[in-house]
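Residue-level structure breakdown
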Amino acid sequence: MGVEEGDRFFWYSSTSWMMWNVVLGSLLHGATAVLYDGSPAFPDVSGLWQLAEKTGATMLGTSAGYLMASQKADLHPGRDFDLSALRSIGSTGSPLPPTGFRWVYDAVGAGIWLNSLSGGTDVCTAFVGGNPLLPVYSGEIQCRALGCRVASWDAAGKPHIGSVGELVLTAPTPSMPVFFWNDPDGHKYHDAYFDVFPGVWRHGDWCTITERGGVIIHGRSDSTLNKQGVRMGSADIYEVVEKLPEIRESLVIGVELPDGGYWMPLFVHLAPDAVLDDALRARVAAAIRAELTPRHVPDELIEIPGVPHTRTGKRLEIPVKRLLTGADPADAVNLGAVDDPALIQWFIDYAGRRETGS
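Residues numbered from 1 in each chain as written. Predicted model: local features only at pLDDT ≥ 70, side-chain atom pairs only at ≥ 80, totals over all residues. Heavy atoms only, no water.

Before going further, it helps to examine unusual backbone geometry. Of the consecutive residues Phe42 and Pro43, the connecting peptide bond is found in the cis state with omega at 0°. Relative to the assigned elements, Pro43 resides in the loop between β2 (32–33) and α2 (47–55). Positive phi values are uncommon outside glycine, yet Asp74 reaches one of about 60°. Mapped onto the elements, Asp74 comes out in the loop between α3 (64–72) and α4 (77–80). (Helix = DSSP H or I, 4+ residues; strand = E, 2+ residues; numbered from the N terminus.)

Rendered as structure tokens:
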């Protein structure tokens, strides 16, 4: 991350998230750790930009969700706040779309180093991330991390360049766990990472390794959309849909039906005063068809009171899918890890209404 002695390092994190360890790691380089207790959107969406100005932060770490919310709110942090000390912005938690990259350089500063990274909780590190010596390309993580032999494999277990595949690690990494707690025979560990490619860590993300060695993360492979035989990344749909001013946030799910059919609803959290009418439905479908493919167009648009996330900002695609396929709510989701449990209850109620046809 290019942290140096005298830097002021901030990454918005709870103390239970892996990024808290990164914050503490900045002390090893002689930096000052900036700590913050509260919502990143207090008193409004500009909360973290205000904090960066107030503390003279040289590194501001946050989530893709916060950067996209700042864009959606039409913020111009580089114009409205004194960010002269700010050298780099970190982004993780979910894929940052190309529009987010462009917003950072347009609205925060052309000289900023945007450091997007992706890794895993169980390894408490990044597999792919930034490098201050390399150029930044829109929508692309700069490189694979040191000590991480990352590849993109197709379904047959063959590596490829320039195509979407499973993110795998073909050799052990320094922080790979040797076992899980309460898993004496190792079956939970095996099922989590080694059940698809024997002896090879399959992380559960779709990724593309580019010709120049960069990496594009497309979303979780275990919540994959697979409509009419075409697998898709949910992040691609979010990028298109959330450009529309009427859509505050969205959640797309693919559900395999008992009769062999496939149902792909798009749940949308609308902006204030927006209405999900036929005109908006048509605009959403037209945008997805034009920027992606006709197969990416959802089967149904459903308004929701909000999108549920983990406390670190990841959309809860897999738990919602499990709820919609009839899983016991107690098994599908840990409410203690959800930012707003009431939103999960909405999906529980919705799944019940679907099942009864009411």
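So that's the structure; there's more coming.
Below, the discussion takes up α3. Residues of α3 that are buried include every one of Ala64, Tyr66, Leu67, Met68 and Ser70, and no others. Considering only its buried residues, α3 is in contact with α2, β3 (59–63), β4 (88–92) and α5 (98–108). Phi turns positive one or two residues past the end of α3, at Asp74, with a value near 60°. (Buried < 20%, exposed > 50% of the residue type's maximum accessible area, 1.4 Å probe, protein only. Contact = heavy atoms within 4.5 Å.)

Okay, the environment of Ile348 next. Mapped onto the elements of the fold, Ile348 is located in helix α11 (residues 341–356). For Ile348 and Leu324, which are 24 residues apart along the polypeptide, the C-alpha to C-alpha distance reads 8.0 Å. Here Ile348 is in contact with Leu323 and Pro329, once residues within four sequence places are set aside.

Tracing the backbone through its elements, the reader meets Pro172 in the loop between β10 (165–169) and α6 (187–193). With 29 residues separating them along the chain, Pro172 and Trp201 place their C-alpha atoms 8.4 Å apart.

Attention shifts here to the layout of surface pockets. If you add up the space inside the second largest pocket, you get close to 750 Å³. Of all the secondary structure elements, the ones that give two or more residues to the lining of the second largest pocket are α1 (19–25), β7 (125–129) and β8 (143–144). For the lining of the second largest pocket, the residue count by class is 16 nonpolar, eleven polar and one charged. (1 Å grid on protein atoms, 1.4 Å probe; cavity = no way out; pocket = protein on both sides within 12 Å on 5 of 7 lines; lining within 4 Å. Points joined across faces, edges and corners; volume = space filled by probe spheres on them. Nonpolar A, V, L, I, M, F, W, Y, C, P; charged D, E, K, R; others polar.)

This part is about the sheet that holds strand β5 (residues 113–116). With respect to topology, five strands assemble into an open sheet ordered β2-β1-β3-β4-β5, the strand pairing being parallel. Both outer strands of the open sheet, β2 and β5, are each paired with one neighbouring strand and no more. Two strands pair when backbone bridges link them, and strand β1 (residues 8–11) and β2 are joined in this way by two bridges, in the parallel orientation. Within β2, the residue paired with Arg8 across the bridge is Thr32. Of the strands in this sheet, β1, β3 and β4 are in contact with α2, which crosses β3 at around 165°. In the packing of α3 onto the sheet, the strands contacted are β3 and β4, and the crossing angle to β3 comes to about 95°. (Pairing = 2+ DSSP bridges. Axes fitted to C-alpha atoms, helices over the stretch in contact; angles between N-to-C directions.)

Here we come to the packing of aromatic side chains. Going through the model one piece at a time under the given rule, you end up with 18 aromatic pairs. A ring pair is formed by Tyr189 and Tyr193, whose centres lie 6.4 Å apart and whose planes are at 80°; its orientation type is edge-to-face. Of this pair, Tyr189 and Tyr193 both sit in helix α6, four residues apart, which is roughly one turn of the helix. Note on accessibility: Tyr189 and Tyr193 belong to one class, buried. Of the aromatic side chains, those joined through ring pairs into one cluster are Phe127, Phe180, Tyr189, Tyr193, Phe194 and Trp201. Directly above the aromatic system of Tyr137 lies the positively charged group of Arg212, at a separation of 3.6 Å from the ring centroid. Across from the ring centre of Trp263, 3.7 Å away, lies the NZ or CZ of Arg354, which sits over that ring. (Phe/Tyr/Trp six-rings, centres within 6.5 Å; stacked < 30°, edge-to-face > 60°. Lys NZ or Arg CZ within 6 Å of the ring centre and 35° of its normal.)

Scope: geometric values only; no functional claims are made or implied.
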